[in-house]
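What follows is each chain in one-letter form.
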Amino acid sequence: MKTFDLEIRDEKGTRRVALGSQECLRVGRSRQNDCVVHASGVSRNHCLLLRAGETWKLVDLKSSNASFVRGEPVHEAVLHPGDRIRLGLARLWFLDAGAPSPPGRPVPVRVKSKASGAI
């Protein structure tokens, strides 16, 4: 069975999740997800990655800011190695297991400002 990785670039940095033999991966901001994504614009329960045999697909869970695959907003999309996924400000890549990381910039970190006027 062919295996895949999910590379995540968010406010916490870059990391990889080996999809292995999992059937389903819940992705979102909540700690209750299998894959927690720390970035502005990511819903608590943003999307699912589902495996059916050798094929993986992304299913958006009616997230506030949509899920994007290959630059297009999707409700559901079949994933192919090298596909770029955008959830809010986070960037994810669906990759062959062990494939090199794609080039790219880090995700911007949102800085909360203090209320103006108070000194």
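Rules of the game
- Residues numbered from 1 in each chain as written.
- Predicted model: local features only at pLDDT ≥ 70, side-chain atom pairs only at ≥ 80, totals over all residues.
- Heavy atoms only, no water.
- Phe/Tyr/Trp six-rings, centres within 6.5 Å; stacked < 30°, edge-to-face > 60°.
- Helix = DSSP H or I, 4+ residues; strand = E, 2+ residues; numbered from the N terminus.
- Lys NZ or Arg CZ within 6 Å of the ring centre and 35° of its normal.
- Polar contact = N/O pair within 3.5 Å; in protein donor to acceptor, adjacent residues only side chain to side chain.
- Core = buried A, V, L, I, M, F, W, Y, C linked by side-chain atoms within 4.5 Å.
- Buried < 20%, exposed > 50% of the residue type's maximum accessible area, 1.4 Å probe, protein only.
- Contact = heavy atoms within 4.5 Å.
- Salt bridge = Lys/Arg side-chain N within 4 Å of Asp/Glu carboxyl O.
- Pairing = 2+ DSSP bridges.
- Axes fitted to C-alpha atoms, helices over the stretch in contact; angles between N-to-C directions.

Q: Sorry if this is basic, but what is going on with the packing of aromatic side chains here?
A: Within a pair of aromatic rings, the relevant descriptors are the distance that separates the centres and the angle that separates the planes. Taken as a whole, this structure holds 1 aromatic pair when the rule is applied. Ring geometry for Phe4 against Phe94: centres 4.7 Å apart, planes inclined by 25°, an arrangement best described as stacked. Linking Phe4 in strand β1 (residues 4–10) with Phe94 in strand β11 (residues 90–96), this pair joins segments that are 90 residues apart in sequence. The side chain of Arg86 reaches across the aromatic face of Phe68, ending 3.9 Å from its centre.

Q: What is the right way to look at the environment of Glu54 in this model?
A: Position of Glu54 among the secondary structure elements: in the loop between β5 (47–52) and β6 (55–60). A sequence separation of 52 residues divides Glu54 from Lys2, and the C-alpha atoms of the two residues are 6.8 Å apart. In this structure the side chain of Glu54 is engaged in a polar contact, spanning 3.3 Å, whose partner is the backbone nitrogen of Lys2.

Q: Help me understand the nonpolar core in this model?
A: Across soluble globular proteins, nonpolar side chains show a tendency to be buried alongside one another. Residues Leu6, Val27, Leu49, Leu58, Leu79 and Ile85 are the most contacted members of the largest nonpolar core, which totals 23 residues. Only β1, β3 (24–28), β5, β6, β9 (76–79), β10 (83–87) and β11 provide two or more residues apiece to this core. Setting aside its immediate chain neighbours within four residues, Leu49 contacts Leu6, Glu23, Cys24, Leu25, Val27, Trp56, Lys57, Leu58 and Leu79.

Q: How should I be thinking about the pattern of salt bridges in this particular structure?
A: One pass over the structure, following the stated rule, counts 8 salt bridges. Asp5 is paired through a salt bridge with Arg16; the nearest N and O atoms lie 2.9 Å apart. Here the residue Asp5 occupies a position in strand β1, and Arg16 occupies one in strand β2 (residues 13–18), the gap between them amounting to 11 residues. Arg16 gets classed as partly exposed once you look at its relative accessible area, which sits at 30%. In this structure, the salt-bridge partner of Glu76 is Lys57, at a minimum N-O distance of 3.2 Å. Placement of Glu76 in strand β9 and of Lys57 in strand β6 is noted, with a sequence separation of 19 residues between them. Salt bridges here are not isolated pairs; linked through shared partners, they connect Asp5, Glu7, Arg9 and Arg16.

Q: So what exactly am I meant to see when it comes to unusual backbone geometry here?
A: Negative phi values dominate among residues other than glycine, just as trans dominates among peptide bonds. The backbone phi angle of Ala66 is positive, close to 70°, even though this residue is not glycine. The residue Ala66 is located in the loop between β6 and β7 (67–69) in this model. When its relative accessible area of 23% is taken as the criterion, Ala66 is described as partly exposed. Unlike most non-glycine residues, Arg70 shows phi in positive territory, near 55°. Among the structural elements, Arg70 can be located in the loop between β7 and β8 (72–74).

Q: Mind showing me how you'd approach the sheet that holds β8 here?
A: The strands making up a sheet are joined through hydrogen bonds of the backbone, oriented either antiparallel or parallel. Within the open sheet, the 6 strands sit side by side as β2-β1-β11-β10-β7-β8. Their pairing is antiparallel. Both outer strands of the open sheet, β2 and β8, are each paired with one neighbouring strand and no more. Pairs of neighbouring strands in the sheet enclose a mean axial angle of 25°, with direction left out of account. Inspection of the sheet shows β1 paired to β2 by 6 bridges, in the antiparallel sense. Bridge pairing links Asp5 to Ala18 in β2.

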